[in-house]
Amino acid sequence: MRILCVAVALVLLGVTGCQSDVSGQPEPDGDGFVVKDGSRLRFRPVLTEIPPSPPGPATGSAANRQSTNPAEQQAVATALDCSKGPDPLDGGDDPALPLITCDRVQGTKYILGPAFLTGADLSKAKAQLDSQSGGTIIGLSFTPAGAKTWGDWTAANVGKQVAMVLKSRVLTAPTIQSAITGGETQITGKFTLDEARQLARDIAGG
């Protein structure tokens, strides 16, 4: 059963194999993580999502994972082996270029566009139980500048996915259902409180 959060703005989100949602509502106090070093987290638009699959024939090198050529991007994504870790890029990707990468748990592959936000545009991430739904909540608080960029981007990209990328690997990749304004984003879903805390910690760069 999918847990839904009643809100004005919703984003469908997958976290560690869980179905969840994101809203623009502020969240109650809980386990909070202040963003101290936001340089490792990047928000990138998802151009292509490829379900987990065995890697194809090896083509190119790790450098090609930031190719701007769509045909080469597809070839590199097909050959990428998500089972190997840690990521050789390990956060060294150029945010101004596309990125071919995997998520950190399921092995889903992604072709991502250049970053439009970083963790520096967040002030806090926190997790707690939702007394109304019985599920978990992860709340993201954006800085004033970050809130403006996030609101404009979500408004212009309804129906598209955005990836939160930590050290060159995707933490989660929501699909935008409507504009999220006001600087507060709320994530709810079928993950445990410990999983929600870890995601909030990772997003905050803790």
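So, how was this worked out
- Starting afresh in each chain, residues are numbered from 1 along the sequence in its written order.
- Reporting in this predicted model follows two pLDDT cut-offs: at least 70 for local features of residues, and 80 or more for side-chain atom pairs to be given and counted; totals over whole chains, interfaces and linings ignore these cut-offs and use all residues.
- Values shown for side chains rest on all heavy atoms present in the structure; no hydrogens or waters enter the calculation.
- Residue-level confidence of the predictor, termed pLDDT, takes values from 0 up to 100.
- Throughout, a contact is declared for two residues whenever any of their heavy atoms are within 4.5 Å.
- Aromatic pairing here means that ring centres of Phe, Tyr or Trp (its six-membered ring) are within 6.5 Å. Orientation follows from the plane angle: under 30 degrees is stacked, over 60 is edge-to-face, and everything else is tilted.
- Strands here are runs of E lasting at least two residues and helices are runs of H or I lasting at least four, both read from the DSSP assignment and numbered beginning at the N terminus.
- The cut-offs for exposure are 20% and 50% of the maximum accessible area for each residue type, with area from a 1.4 Å probe on protein chains only; residues under the lower value are buried, those over the upper are exposed, and the others partly exposed.
- What is meant by a nonpolar core is a set of buried Ala, Val, Leu, Ile, Met, Phe, Trp, Tyr and Cys residues, joined one to another through side-chain atoms within 4.5 Å.
- By convention in this document, the label disulfide applies to cysteine sulfur atom pairs within 2.5 Å.
- Two strands are counted as paired when DSSP detects at least two bridges linking them.

What follows deals with the confidence of the model for the protein. Interpretation of this model should avoid reading the predicted coordinates in detail wherever pLDDT is low. Per-residue confidence for the protein averages 80 on the pLDDT scale, and 80% of its residues sit at or above 70. Under a pLDDT of 50 for its full length, residues 1–21 has, in the predicted model, 79 contacts with residues more than four places off or in other chains. Across residues 25–29, where pLDDT falls below 50, the model places 19 contacts with residues more than four positions away in sequence or in other chains.

Moving on, we get to the packing of aromatic side chains. Following the criterion strictly, the structure yields 5 aromatic pairs and no others. Aromatic side chains Phe43 and Phe142 sit 6.1 Å apart centroid to centroid with 50° between the ring planes, which places their arrangement in the tilted category. Placement of the pair is Phe43 in strand β4 (residues 41–50) and Phe142 in strand β9 (residues 136–142), with a sequence separation of 99 residues. Grouping residues by exposure puts Phe43 and Phe142 together as buried. Pairwise contacts between aromatic rings join Phe43, Phe116, Phe142, Trp150 and Trp153 into one cluster.

On to the nonpolar core. Ranked by internal contacts, the top residues of the largest apolar core, which has 27 residues, are Phe43, Ile138, Leu140 and Ile203. Of all the secondary-structure elements, those providing two or more residues to this core are β4, β8 (122–129), β9, α2 (144–156), β10 (162–166) and α3 (193–204). No other element matches α3, which puts 5 residues into this core. If you look at the next biggest cluster of nonpolar residues, it comprises 9 residues, including Val46, Val165, Val170 and Ala173.

Applying the stated criterion to the full structure yields 1 disulfide. Paired by a disulfide, Cys82 and Cys102 hold their sulfur atoms 2.0 Å apart. Taking the sign of the S-S torsion, about -80° here, the bridge from Cys82 to Cys102 comes out left-handed. On the criterion of sequence distance, the pair formed by Cys82 in the loop between α1 (70–79) and β5 (99–102) and Cys102 in strand β5 is long-range, its members being 20 residues apart. You'll find Cys82 and Cys102 in the same group, each marked buried.

On any regular strand, side chains alternate: one points to one face of the sheet, the next to the other face. Within β9, 7 of the 7 residues are buried, which leaves the element mostly enclosed by the surrounding structure. On β9, burial covers both faces: Thr136, Ile138, Leu140 and Phe142 on one face and Ile137, Gly139 and Ser141 on the other are all buried. Pairing of β8 with β9 involves 7 bridges; the strand directions are antiparallel. The residue of β9 that forms the bridge with Leu122 is Phe142. Between β8 and β9, which pair antiparallel in sequence order, lie 6 residues; one of them, Gly134, sits at a positive phi of approximately 80°.

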